[in-house]
Amino acid sequence: MGRLVDRHRDLAGWLVTPLFTLVAAPVLACLVGVLGSLGDHNGPPALCKEAMAENMCEETSLGVVGVHVVISGVMWLLLWVIPWWRGLRTLRVLLALAATVVLVLLPVRMFNWFSQT
């Protein structure tokens with residue numbers, strides 16, 4: 001009977017993927033944030049436009065940051081839960097990329113680059 005997943009050990013990949021993600025994802029998010037702030041972005045972040053009337057920009061910004069960090073953190077913790085089988089290497093890499101994308105989308109959302117203003 002054939003196995004669906006190759007269960008040979010991939011201990012190095014199991015260790016390197018989360019550790020690399022832990023270092024690379026915040027660095028990439030900060031790099032995107034720095035590059036985004038080089039534009040004409042004086043004043044509060046774009047997502048604070050609705051919150052400015054009630055003086056809630058800080059709370060709004062921290063809420064958005066918290067959501068992205070928690071989602072990315074949960075995805076990063078799931079990297080440790082996935083077994084160290086070689087057949088699950090692709091799943092680990094995709095989950096690591098997804099966690100990185102969630103963090104990188106934080107400055108994109110803060111600066112609201114997709115709006116037509």
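Rules used throughout
Residues numbered from 1 in each chain as written. Predicted model: local features only at pLDDT ≥ 70, side-chain atom pairs only at ≥ 80, totals over all residues. Heavy atoms only, no water. Axes fitted to C-alpha atoms, helices over the stretch in contact; angles between N-to-C directions. Helix = DSSP H or I, 4+ residues; strand = E, 2+ residues; numbered from the N terminus. Parallel < 35°, antiparallel > 145°, perpendicular 65-115°, else oblique. Left-handed = near helix turned anticlockwise from the far one by under 90°. Contact = heavy atoms within 4.5 Å. Nonpolar A, V, L, I, M, F, W, Y, C, P; charged D, E, K, R; others polar. Buried < 20%, exposed > 50% of the residue type's maximum accessible area, 1.4 Å probe, protein only. Polar contact = N/O pair within 3.5 Å; in protein donor to acceptor, adjacent residues only side chain to side chain. Salt bridge = Lys/Arg side-chain N within 4 Å of Asp/Glu carboxyl O. Phe/Tyr/Trp six-rings, centres within 6.5 Å; stacked < 30°, edge-to-face > 60°.

Caption draft 1: Examining the packing of helix α1 (residues 11-37) against helix α2 (residues 57-81) more closely. It is at 9 Å that the axes of α1 and α2 come closest, and there the two elements cross at 165°. Classified by the interaxial angle, the pair formed by α1 and α2 is roughly antiparallel. The two elements α1 and α2 meet at a crossing, and its hand is left-handed. In this structure, α1 uses W14, L15, T17, P18, L19, T21 and L22 to contact α2, whose residues at the interface are W76, L79 and W80. Of the residues belonging to the contact of α1 with α2, the class tally is eight nonpolar, two polar and no charged.

Caption draft 2: Just the side chain of T17, in detail. Of note, T17 is situated in helix α1. With a relative accessible area of 14%, T17 lands in the buried category. Of the polar contacts made by the side chain of T17, one reaches the backbone oxygen of G13; its length is 2.8 Å.

Caption draft 3: Geometry of the pattern of salt bridges. For the structure shown, the criterion picks out three salt bridges. Between D6 and R86 there is a salt bridge, and its shortest N-O distance comes to 3.8 Å. Highlighted residues: D6 in the segment before α1 and R86 in the loop between α2 and α3 (89-111), separated in sequence by 80 residues. Assessed through its relative accessible area of 32%, D6 is described here as partly exposed. Linked by salt bridges that have partners in common, D10, R89 and R92 make up one network.

Caption draft 4: Seen up close, the side chain of S61. Assignment of secondary structure puts S61 in helix α2. Overall, the relative accessible area of 12% leaves S61 in the buried class. Residues within four places of S61 in sequence aside, it is in contact with P45, L47, C48 and M110.

Caption draft 5: View of the packing of aromatic side chains. One pass over the full model with this rule turns up three aromatic pairs. Aromatic side chains W14 and W80 sit 5.1 Å apart centroid to centroid with 85° between the ring planes, which places their arrangement in the edge-to-face category. Residue W14 is found in helix α1, and its partner W80 is found in helix α2; the two are separated by 66 residues along the sequence. In this structure W80 comes out as partly exposed when scored by relative accessible area, which is 26%. The class for W14 is buried, based on a relative accessible area of 16%. Taken together, the ring pairs connect W14, W76, W80 and W84 into an aromatic cluster.

Nothing here speaks to function; it is all geometry.
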